[in-house]
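Commentary on secondary and tertiary structure
So you can see what is in the structure, the chains are spelled out below.
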Amino acid sequence: DTAVSQTPKYLVTQMGNDKSIKCEQNLGHDTMYWYKQDSKKFLKIMFSYNNKELIINETVPNRFSPKSPDKAHLNLHINSLELGDSAVYFCASSQGTSGGSNTGELFFGEGSRLTVL
Amino acid sequence: AQSVTQLGSHVSVSEGALVLLRCNYSSSVPPYLFWYVQYPNQGLQLLLKYTSAATLVKGINGFEAEFKKSETSFHLTKPSAHMSDAAEYFCAVSDPGGYNKLIFGAGTRLAVHP
């Protein structure tokens, strides 16, 4: 039973198209994240939601729009795709903020590899 | 701002040899520190974490790491490498009391040869 699941796992599309990646977690966590891993394996946080509220928004182009319909889901919609958007996108979740009994561990999905042609 | 530096983008060891992957961090507050492993075409799996308790932390698959505040280091070690340890390893730092925003190092590719 997958804890953090992302769909699709692979996505190949043309420049200028709009695409979405979906993420669901069944861990009961209230915080979810999107990370981008580039071709050099570098991981950078994009967004984070806590109980459906946006709490982290790094300097990401506004073509990227996250949506959290409930705390178990965090979807990523990308408009007008560009070649530079090609990457692996990872969804993750954690139990609230760090500190106290929560030690800040993130649980990751298996990634969605986006290729823009 | 927090940051992580992993020394050596590629490390190669023989099977049975000691594994040492280096990580140095920068943080204005006492940090939480993590090591994650990524096998090919998979997500990240937590190996171990330091959260201000014991400075020597033991993780899965025989890995351990030691938090050294004076050296701002959190190096990952394993006494004897196994072929199955070949993967990408990431060190990460987060701010206790924050929103679990993990800042990752650039990763170290570990190769294990017979």
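Refer to the preceding data block for the structure.
These lines cover the structure that appears in this document, whether it is placed above or below. Computed from a prediction, not measured in an experiment: that's the story for all the values here. (Residues numbered from 1 in each chain as written. Chains lettered and ligands numbered in written order. Predicted model: local features only at pLDDT ≥ 70, side-chain atom pairs only at ≥ 80, totals over all residues. Heavy atoms only, no water.)

**Here's the deal with the overall build of chain B**
The secondary structure content of chain B amounts to zero helices and eleven strands. The secondary structure elements of chain B, listed N-terminal to C-terminal, are β-β-β-β-β-β-β-β-β-β-β. The globule rule puts the C-alpha radius of gyration for 114 residues at 13 Å, and the 13 Å found for chain B is close to it. If one aligns the C-alpha atoms of chain B with their principal axes, the spans along those axes are about 45 × 30 × 20 Å. A buried classification covers 46% of the 114 residues belonging to chain B. Once the 8 positive and 7 negative side-chain charges of chain B are each reduced to a mean point, those two points are 4 Å apart. (Helix = DSSP H or I, 4+ residues; strand = E, 2+ residues; numbered from the N terminus. Rg over C-alpha atoms; globule rule 2.2 N^0.38 Å. Buried < 20%, exposed > 50% of the residue type's maximum accessible area, 1.4 Å probe, protein only. Lys, Arg positive; Asp, Glu negative; His and termini not counted. Charge placed at Lys NZ, Arg CZ, Asp CG, Glu CD.)

**Here we look at the overall build of chain A**
Looking only at helices and strands, chain A has zero helices and eleven strands in total. For chain A, the N- to C-terminal ordering of α and β elements is β-β-β-β-β-β-β-β-β-β-β. For 117 residues, the compact-globule estimate of 2.2 N^0.38 gives 13 Å, and the C-alpha radius of gyration of chain A, at 14 Å, lies within 12% of that figure. Summarising its shape, the C-alpha atoms of chain A cover approximately 45 × 30 × 30 Å along the three principal directions.

**Here's the deal with the nonpolar core**
Of all hydrophobic cores here, the largest spans 27 residues; its most connected members are B:W35, B:L48, B:L76 and B:Y89. Discounting chain neighbours no more than four positions away, the residues touching B:L76 are B:V19, B:L20, B:L21, B:W35, B:L47, B:L48, B:F63, B:E64, B:A65 and B:Y89. (Core = buried A, V, L, I, M, F, W, Y, C linked by side-chain atoms within 4.5 Å. Contact = heavy atoms within 4.5 Å.)

**Topic: the state of the cysteines**
Applying the stated criterion across every chain yields a total of two disulfides over all chains. Each disulfide pairs two cysteine sulfurs, and for A:C23 the partner residue is A:C91, the sulfurs being separated by 1.9 Å. Since a negative S-S torsion denotes a left-handed disulfide, the A:C23-A:C91 link at about -80° is left-handed. Highlighted residues: A:C23 in strand β3 (residues 19-25) and A:C91 in strand β9 (residues 87-94), separated in sequence by 68 residues. A relative accessible area of 2% means that A:C23 is categorised as buried. Each sulfur of the disulfide joining B:C23 and B:C91 lies 1.9 Å from the other. The sign of the -65° torsion about the S-S bond sets the B:C23-B:C91 disulfide as left-handed. (Disulfide = S-S within 2.5 Å.)

**Observations regarding the sheet that holds strand β8 (residues 73-78) of chain A**
Residue and element names in this part refer to chain A. One open sheet accounts for four strands, arranged β1-β3-β8-β7; its pairing is antiparallel. What marks the edges here is a single partner per strand, and that holds for β1 (4-7) and β7 (64-70). Strand-to-strand twist across the sheet, computed as the mean angle between neighbouring axes with direction ignored, equals 20°. (Pairing = 2+ DSSP bridges. Axes fitted to C-alpha atoms, helices over the stretch in contact; angles between N-to-C directions.)

**So, the sheet that holds strand β1 (residues 3-7) of chain B**
All names here are of chain B. Spatially, the five strands line up as an open sheet ordered β1-β3-β8-β7-β6, and their pairing is antiparallel. In the strand order of this sheet, the two ends are held by β1 and β6 (56-58), each with one partner. On average, each strand axis in the sheet is tilted by 20° relative to the strand beside it, whichever way the strands run.

**Observations concerning the pattern of salt bridges**
Using the criterion set out here, one finds eight salt bridges over all chains in the structure. A salt bridge links A:E105 to B:K49; the shortest N-O distance between them is 3.2 Å. With A:E105 in the loop between β9 and β10 (107-108) and B:K49 in strand β5 (residues 44-50), the pair connects residues from two separate chains. B:K78 is the partner of B:D85 in a salt bridge, and the nearest nitrogen-oxygen pair spans 2.8 Å. Residue B:K78 is classed as buried on the basis of its relative accessible area, which comes to 10%. (Salt bridge = Lys/Arg side-chain N within 4 Å of Asp/Glu carboxyl O.)

**Observations regarding the pairing of strand β5 (residues 43-50) of chain A**
Residues and elements named next belong to chain A. Where burial is concerned, most of β5 is hidden: seven out of the eight residues are buried. Two elements, strand β4 (residues 31-37) and β5, share seven bridges in a ladder whose sense is antiparallel. Opposite M32, over in β5, you have Y49 as the bridge partner. What sits between the antiparallel neighbours β4 and β5 is a turn of five residues, in which K41 has the positive phi angle 75°. Pairing of β5 with strand β6 (residues 53-57), which is carried by four bridges, proceeds in the antiparallel orientation. Within β6, the residue paired with S48 across the bridge is I56.

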